[in-house]
Amino acid sequence: MSDRGDLTRRKFVKTSLAAGFATAAASTIDAQALIHTDEAGLTAGEVRIPTPGGAMPAYRAQPAGQHRLPAILVVHEIFGVHEHIKDVCRRFAKLGYLAIAPDLFARYGDASAVADVQALRRDIVSKVPDSEVLADLEATAHWAADHGGDHKRIGITGFCWGGRIVWLYSAGHPELKAAVAWYGRLVGEPTALTPVHPIDVAKNLSVPVLGLYGGADESIAPDTVERMKQALVSAPAPGAQSRIVLYPDAPHAFFADYRPNYREQSARDAWNRCQDWFQKHGMS
């Protein structure tokens, strides 16, 4: 793992996780579509990840009483670590993984409590530097390896905002086995906080990445997905082993069963592909 000890770390504003679903999405939740994964047979709940800026809250789920488990870092959407992300961790745990989702916005506020999406982007999301996020994920991987995970079997997956982060983390982290990025933005203008984007690091990927995207995603233009595909084709191994699957009629966030965007058929197929990808690349 890379050395990011020179970072100046902001202290944490949020020190514990909220219960329930993100406030910004609560009014549109379809209870009939929700997937609920129970905690039977699991050790699940909030933990604290030591970082230079203090203790970072995270949600962890793993099979109870087991050790040396393959570990998956779960990177949240713009809504932070709320009930959907926690449930995804439990789904992985039921499959035999230690799954952990750190709250990567905790230094800047409680994303799950902000009702207005534009305010959320302006006041929290836009202030988070990539370098800090990547360092916090490294700290999370260390924690997982010390608390029941196998340091030789670490993977990463993430959604929306987290999907972009998955691509970035997969460049320069050869200790990873595999990665799965769900509808993360691929291109963008460089800024001080976000100096590179997935298409810029395609040639530097340390592990094979599976990208899962929606063809009807209004926030990610189809031509950018095609550009990323071409960048991966010309990338050296293991980046060249990466693959992008496009679901033609699926919108953004098609896996999020708590949102109107949820598309059950595409979500089920993508979830199966996600499992197969991790197993194929040494995470079983």
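You'll find the structure just up there.
Residue positions are given per chain, counting from 1 as you read along its sequence in written order. The predicted nature of this model means local features are confined to residues of pLDDT at least 70 and side-chain atom pairs, given and counted, to a pLDDT of 80 or more, with totals for whole chains, interfaces and linings taken over all residues. The side-chain figures draw on all heavy atoms in the structure; neither hydrogens nor water molecules are used.

Here we come to the nonpolar core. Nonpolar side chains in soluble globular proteins tend to end up buried together. Judged by nonpolar contacts, the single largest core of 97 residues is most densely connected at Val74, Phe92, Trp161, Trp167, Trp182 and Tyr183. The helix and strand labels rest on DSSP assignments: H or I over at least four residues marks a helix, E over at least two residues marks a strand, and numbering proceeds from the N terminus. Sort the elements by how many residues they give to this core and helix H4 (residues 130-146) lands first, with seven residues. Apart from residues no more than four positions distant in its own chain, Trp161 is found in contact with Val75, His76, Glu77, Ile78, Leu104, Phe105, Val125, Val128 and Val133. To define a nonpolar core, start from buried Ala, Val, Leu, Ile, Met, Phe, Trp, Tyr and Cys residues and group those joined through side-chain atoms within 4.5 Å. Burial here depends on accessible area, computed with a 1.4 Å probe over protein chains only, as a share of the maximum for the residue type. Under 20% is buried, over 50% is exposed, and the range in between is partly exposed. The contact criterion used throughout is that any non-hydrogen atoms of two residues lie within 4.5 Å.

Strands in a sheet are paired, the pairing made by backbone hydrogen bonds, and the direction either parallel or antiparallel. One open sheet accounts for eight strands, arranged E1-E2-E4-E3-E5-E6-E7-E8; its pairing is mixed. Of all the strands in the sheet, the pair left with one neighbour each is strand E1 (42-51) and strand E8 (243-247). Taken pair by pair, the neighbouring strands of this sheet meet at an average axis angle of 20 degrees, ignoring direction. In this analysis, strands are considered paired if DSSP registers two or more bridges between them. Pairing between strand E6 (residues 176-182) and strand E7 (residues 209-214): four bridges, direction parallel. Each bridged residue has a counterpart across the sheet, and for Ala179 the counterpart in E7 is Val209. Axis lines are fitted through C-alpha atoms, for helices just across the contact stretch, and the angle between N-to-C directions can take any value from 0 to 180 degrees.

Let us look at the pattern of salt bridges. We count a salt bridge whenever a side-chain nitrogen from Lys or Arg sits within 4 Å of a carboxyl oxygen from Asp or Glu. Following the criterion strictly, the structure yields 16 salt bridges and no others. The residue Arg91 makes a salt bridge to Asp87 at a minimum N-O spacing of 2.7 Å. Residue Arg91 and its partner Asp87 are both found in helix H2 (residues 83-94); the two are separated by four residues, about one turn of the helix. Look at Asp87 and you get buried, because its relative accessible area is 2%. Salt-bridge contacts for Glu132 lead to Arg107; the nearest nitrogen and oxygen are separated by 3.8 Å. On the criterion of sequence distance, the pair formed by Glu132 in helix H4 and Arg107 in the loop between strand E4 (98-102) and helix H3 (117-123) is long-range, its members being 25 residues apart. With respect to burial, Glu132 and Arg107 carry one shared label: buried.

Functional significance is not addressed by these values, which are geometric in nature.
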